[in-house]
Amino acid sequence: MTKQRVTQKDLKTVAKKLVADCERYHSDWATVVALQGDLGAGKTTFTREVAHVLGVKGAITSPTFVIEKIYGLPKKGKSRFSRFVHIDAYRLEGSDELDVLGWHRIVNDPQNLIFIEWPKNVRQCLPDNTLWVTLKHVDETVRDIDW
Ligand SMILES: Nc1ncnc2c1ncn2[C@@H]1O[C@H](COP(=O)(O)OP(=O)(O)OP(=O)(O)O)[C@@H](O)[C@H]1O
Ligand SMILES: [Mg+2]
C-alpha cells in the first residue's frame, strides 16, 4: 500500500482497504494495527470509519480516558474477526500498564483485530508482525495515510 492523500469523505474507502488487508493478514495471534501520528492527525476518526466498515453499530468514542474499548462484531458479517479492540495508549507509560488490561489474553486471540493509538508508549507489547499505519496532517481537511 502506498501513501493516500485523503479528505474526511474519502476515509471510508481507505478504511475498507485497510480492513481488506487485515482480513488477509495471517497471524497466529491477534492482528495488531499501530496508528502513528501527532495529536489531531486523525487516528480516532479513521478508527471510527474502520469500526463502521466492520459493522460496529452506534457510537465509537475515543478511548482516551478508558484506554481500551472492545466491540463485538456481528456474526453474520463477512469478517474473520469476532472482536474489534480500540486502545489509546496516550496515557500509558509503559507496556506493564497494558498487561493490567488483559493484553495477553487479547493479543493471543486470532479473532481479535486491535487498533492502537500512541503505540510507541507500549512498544514492547506489540507483536513483530504489527502493521504500522502513519497519519500525517496536510492541511485542515486533508491527511496522508500510509501503510
Ligand atoms: N481527512 C481527514 N481525516 C481525518 N480527520 C480529519 C480529516 N480532515 C479533518 N479531520 C479532523 O481532524 C480531527 C482529527 O481528530 P482525531 O481525534 O481523530 O485525531 P487523533 O489523531 O485521534 O488525536 P489524538 O492524538 O488526540 O488522539 C477531527 O476533528 C477530524 O474531523
Ligand atoms: Mg485519538
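For the structure itself, consult the block above.
Read on for a plain summary of the structure.

What counts and what doesn't
- Every residue gets a number counted from 1 within its own chain, in the order that chain's sequence is written.
- Here every chain gets a letter starting at A, and every ligand a number starting at 1, in the order they are written.
- Selection of residues for local features in this predicted model requires a pLDDT of at least 70, selection of side-chain atom pairs for listing and counting requires 80 or more, and totals for whole chains, interfaces and linings are taken over all residues.
- Fitted lines through C-alpha atoms serve as axes, helices being fitted only where they are in contact, and the angles separating the N-to-C directions of these axes extend from 0 to 180 degrees.
- Per the convention used, a helix needs a DSSP run of H or I reaching at least four residues, while a strand needs a run of E reaching at least two, with both numbered from the N terminus.
- Any angle that falls under 35 degrees is termed roughly parallel, while one over 145 is termed roughly antiparallel, one within 65 to 115 roughly perpendicular, and all others oblique.
- In this scheme the handedness of a crossing depends on how the near helix is turned from the far one: anticlockwise by less than a right angle means left-handed, clockwise means right-handed.
- This entry defines residue contacts through backbone-placed C-beta atoms, with two residues in contact when those atoms are within 7 Å.
- For this classification, Asp, Glu, Lys and Arg are treated as charged, while Ala, Val, Leu, Ile, Met, Phe, Trp, Tyr, Cys and Pro are nonpolar and the rest, including Gly, are polar.
- With C-beta atoms placed from the backbone, a residue is labelled by how many other C-beta atoms lie within 10 Å of its own: buried for 20 or more, exposed for 12 or fewer, partly exposed between the two.
- In this entry, near means the residue's backbone-placed C-beta atom lies within 6 Å of the molecule or strand.
- In this description, strands pair whenever DSSP reports at least two bridges between them.

A short note on the packing of helix 1 (residues 11-24) against helix 2 (residues 43-53)
Moving on, step 1. Where helix 1 meets helix 2, the closest approach of the two axes is 9 Å, and the angle between their N-to-C directions is 65°. By the criterion of interaxial angle, the relationship of helix 1 to helix 2 is roughly perpendicular. Pair helix 1 / helix 2 crosses with right-handed handedness. Contacts between helix 1 and helix 2 involve Leu11, Lys12, Ala15, Lys16, Leu18 and Val19 on the former and, on the latter, Thr45, Phe46, Glu49, Val50 and Val53.
Moving on, step 2. For the contact of helix 1 with helix 2, a count of residues per class yields seven nonpolar, one polar and three charged.

Concerning the environment of Leu126
Moving on, step 1. Here Leu126 is to be found in the loop between strand 5 (112-117) and strand 6 (131-139).
Moving on, step 2. Classification of Leu126 as partly exposed rests on a count of 18 C-beta atoms within 10 Å.
Moving on, step 3. Between the C-alpha atoms of Leu126 and Val33, which are 93 residues apart in sequence, the distance is 9.2 Å.
Moving on, step 4. Each residue touching Leu126, except ones within four places of it in the same chain, is listed here: Val32, Ala34 and Pro119.

Quick word on the site of ligand 1
Moving on, step 1. Close to ligand 1 lie 17 residues, the nearest being Ala41, Gly42, Lys43, Thr44 and Thr45.
Moving on, step 2. Elements represented by at least two residues in the shell around ligand 1 include exactly strand 1 (4-7), helix 2 and strand 7 (142-146).
Moving on, step 3. Here the shell around ligand 1 is composed, by residue class, of six nonpolar, eight polar and three charged.

Quick look at the sheet that holds strand 4 (residues 83-88)
The strands making up a sheet are joined through hydrogen bonds of the backbone, oriented either antiparallel or parallel.
Moving on, step 1. With mixed pairing, seven strands are arranged side by side in an open sheet as 1-7-6-2-5-4-3. Each edge of the open sheet carries a strand with a single partner, namely strand 1 and strand 3 (68-72). Sheet twist, expressed as the mean angle between neighbouring strand axes with direction ignored, is 20°.
Moving on, step 2. Pairing of strand 1 with strand 7 involves four bridges; the strand directions are antiparallel. When the sheet's bridge partners are listed, Thr7 is paired in strand 7 with Val142.

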